[in-house]
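# Architecture at a glance
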Amino acid sequence: MAEATSDTDTDVDAAAELADWVDDNWDPDLTLGEWWQLLADSGYAHPSLPENAGGKGWSHGDAVRAMRVLAERNVVGPPPGLGTMLAAPTIAAHGSQEQIDRYVPEILNGRKAWCQLFSEPVAGSDLAGLQTRAVRDGDEWIVSGQKVWTSQGHYADLGLLVARTDPELPKHQGMSYFAFDMDQPGVDVRPLKEMTGRTFFSEVFMDGARVSDDAMIGARGDGWRVANTTLAVERASIGAGSVGFAVAAPGQKANQFGRRVGDIVEAAAKRKVGGHAPGVGMKLYGRWTELARSLGRTDDPVLRQEIMELYSMLQVNRWNLQRARDKNQRTGGEPNIAKLFDGEIHRRFRDLSLRIVQADGMLAGASSATDPAIAEFVLHAQGPAIYGGTDQIQRNIIGERVLGLPREPGPPRDTPFSELPKNV
Ligand SMILES: Cc1cc2nc3c(=O)[nH]c(=O)nc-3n(C[C@H](O)[C@H](O)[C@H](O)COP(=O)(O)OP(=O)(O)OC[C@H]3O[C@@H](n4cnc5c(N)ncnc54)[C@H](O)[C@@H]3O)c2cc1C
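Only a predicted model underlies this, so the values are computations on that prediction, with no experimental measurement involved.

The rules behind each value
Residues numbered from 1 in each chain as written. Predicted model: local features only at pLDDT ≥ 70, side-chain atom pairs only at ≥ 80, totals over all residues. Helix = DSSP H or I, 4+ residues; strand = E, 2+ residues; numbered from the N terminus. Buried ≥ 20, exposed ≤ 12 C-beta atoms within 10 Å, placed from the backbone. Contact = placed C-beta atoms within 7 Å. Domains from an automatic or database assignment. Pairing = 2+ DSSP bridges. Near = placed C-beta within 6 Å. Nonpolar A, V, L, I, M, F, W, Y, C, P; charged D, E, K, R; others polar. Core = buried A, V, L, I, M, F, W, Y, C linked by C-beta atoms within 7 Å. Axes fitted to C-alpha atoms, helices over the stretch in contact; angles between N-to-C directions. Parallel < 35°, antiparallel > 145°, perpendicular 65-115°, else oblique. Left-handed = near helix turned anticlockwise from the far one by under 90°.

Attention shifts here to the overall build of the chain. Assigned secondary structure in the chain consists of 12 helices and seven strands. Considering only C-alpha atoms, the chain reaches an extent of 65 × 50 × 45 Å along its principal axes. Counting only residues that meet the buried cut, the chain has 42% of its 424 residues in that class. Within the chain, contacts between residues separated by at least 24 positions form 75% of all contacts whose residues are at least 6 apart in sequence.

This is the structure in structure tokens:
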């Protein structure tokens, strides 16, 4: 978990405090820009951040409980996306106060959208094998290389970039971490179309792009440690699921700041399909089981068994997350376990939904007999077991770092990166 967030529940009734604040401040006639600014100024946009980074220093558990209030009150949530999820906690944990003041406020008020420039064509699971180079040039670094799978890269104003700054050092020691400007000469963002029909991620080519030395987060050569904070936050966030409040896209390219927030809430209520696969959790479980009942499938004993197995997994996941919040019971592998659960729960929801609707699952779009979200969900469900590190990588981490099993065989860890065999 990020060093920036506290571990134990704080002595506040977070939900009640936020509910009072929403009652005093929510107005459907505000623009999105005004509402997000209010949330940011109050500390409620990301309350688990420390106070010096615009948060309230609440525990993750308090923050999640508080966010549910926004869904229950049916108001627009704080800016979503990788800025809030990854960039803010990472910069709060490793950035200087000057960097925190430079970057975090515009994440919290949604003015800047971020992406994660980690994976490369030959460095996904083996992230530490990344080959994008950053070469020092006075007060700047010149960046060349290719990233891929960059979620929301085509909407992002800034990216969390990990690049190799010292190829003569061992693999894990020669990387540095930057806040990278996406809108500059030498950066070519090419959107990729997924099998869902949507464009969620891009490939990003950098050729002579520039980043200032004062945009380096953490010290030179500390990129692996900083990236691991981002990955831990990512895994824990993915495993914790999502809170279903109305959202709008952040950043200059989406430019939704002038929209009336009341209209955003109405549009979210009407939207049944398109743009988003539903989040997994008890709400979706209720929706799927209701569908099974309405189609007369609940007499099937095999289906009933599968429904109960899914219910059990959701409960076990919930308890695991609760344990993860209890500092005294942690093993260190909780973000990885939560991530593994998330992938498995997606697969179970996928299989269950297809068993419920049978051949109708092949139809995209509205069908009176089935839930129109199913086709989209089924196509999306492969992703969660891959992004944020595949299932196999989570198991490797648990094996090596938590259980103390022997490391995978490979060259000695002090071999200079330049001397390691490469795929390209
Ligand atoms: C929807 C989606 C969004 C994504 N968004 C982003 C993003 O915003 N930014 C970003 O940087 N990346 C992103 N990714 C990339 C993601 O992190 C990588 O796809 C993932 O880490 C796997 O890397 P790879 O695709 O290169 O597969 P590979 O590393 O080539 O792996 C291929 C297979 O080999 C297995 N494997 C590899 N190494 C080992 C090993 N040592 N032990 C056992 N099995 C192994 C893997 O588990 C996998 O099954 C996204 C991916 C998806 C699907």
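Turning to the domain arrangement of the chain, a few remarks are in order. For the chain, the assigned domains read domain 1 (114–221) and domain 2 (273–402). Averaged C-alpha coordinates put domain 1 and domain 2 at centres separated by 31 Å.

Moving on, we come to the pairing of strand β3 (residues 140–151). Sheet topology places strand β2 (residues 133–137) next to β3; five bridges connect them, and they run antiparallel. The residue of β3 that forms the bridge with Ala-134 is Val-143. Between β2 and β3, which pair antiparallel one after the other, the connecting turn spans two residues, and Gly-138 there sits at a positive phi close to 65 degrees. Judged from the 10 bridges that link them, β3 and strand β7 (residues 201–212) form a sheet pairing that is antiparallel. Note on β7: the bridge partner recorded for Gln-146 is Phe-205.

Next up on the list: the environment of Leu-86. Here Leu-86 shows up in helix α4 (residues 82–94). Owing to 23 C-beta atoms within 10 Å, Leu-86 belongs among the buried residues under this scheme. Between the C-alpha atom of Leu-86 and that of Trp-26, which follows or precedes it by 60 residues, the distance is 27 Å. Residues in contact with Leu-86, not counting those within four places in the same chain, are Gln-116, Leu-160, Thr-230, Val-233 and Glu-234.

Even without glycine at this site, Trp-149 takes up a positive phi of about 65 degrees. Within the secondary structure, Trp-149 is located in strand β3. Take Trp-149: there are 21 C-beta atoms within 10 Å of it, and that puts it in the buried class. A positive phi angle is found at Gln-152, which is not glycine, with a value near 55 degrees. Counting through the fold element by element, Gln-152 comes out in the loop between β3 and β4 (158–164). Its 24 C-beta neighbours within 10 Å are what place Gln-152 among the buried residues.

The next thing to look at is the site of the ligand. The local shell around the ligand holds 19 residues, among which Phe-118, Gly-124, Ser-125, Ser-151 and Thr-390 are the closest. When residues of the shell around the ligand are traced back to their parent elements, those giving at least two are β1 (114–117), β3 and α12 (391–402). Counted by class, the shell around the ligand contains seven nonpolar, 11 polar and one charged residues. The residue makeup of the shell around the ligand includes at least three contributed by each of domain 1 (114–221) and domain 2 (273–402).

Let's shift gears to the pairing of strand β5 (residues 175–181). When you tally the buried positions in β5, you get six out of seven residues, the bulk of the element. Bridge count between β4 and β5: seven bridges; the pairing is antiparallel. Residue pairing across strands places Val-162 opposite Tyr-177, the latter belonging to β5.

Bringing the nonpolar core into the picture now. Counting residues in hydrophobic clusters, the biggest one holds 96 residues, and the most contacted among them are Val-76, Ala-87, Ala-88, Val-104, Trp-114, Phe-178 and Phe-349. Sorting elements by how many residues they give to this core places helix α10 (residues 334–357) first, with nine residues. Domain assignment of the residues forming this core places at least three in each of domain 1 (114–221) and domain 2 (273–402). Once residues lying within four places of it in the same chain are set aside, the contact partners of Ala-88 are His-46, Leu-49, Ala-53, Gly-83, Val-104, Ile-107 and Leu-108.

Attention shifts here to the packing of helix α9 (residues 301–325) against α10. Put simply, α9 and α10 touch, their axes get as near as 10 Å, and they point 160 degrees apart. What the angle tells us is that α9 and α10 run roughly antiparallel. Between α9 and α10 the crossing geometry is left-handed. Together, Leu-303, Glu-306, Ile-307, Leu-310, Met-313, Leu-314, Asn-317, Asn-320, Leu-321, Arg-323 and Ala-324 of α9 and Glu-334, Ile-337, Ala-338, Phe-341, Glu-344, Ile-345, Arg-348, Phe-349, Leu-352 and Arg-355 of α10 make up the contact between the two elements. Classifying every residue of the contact of α9 with α10 by side-chain character gives 13 nonpolar, two polar and six charged.

Take the packing of helix α8 (residues 282–294) against α10 next. Axis separation between α8 and α10 bottoms out at 10 Å; the angle between their running directions is 20 degrees. If you check the angle between α8 and α10, you find them roughly parallel. Our pair here, α8 against α10, has a crossing hand that is left-handed. Here Leu-284, Trp-288, Leu-291 and Ala-292 of α8 lie close against α10, whose contacting residues are Phe-349, Leu-352, Ser-353 and Ile-356.

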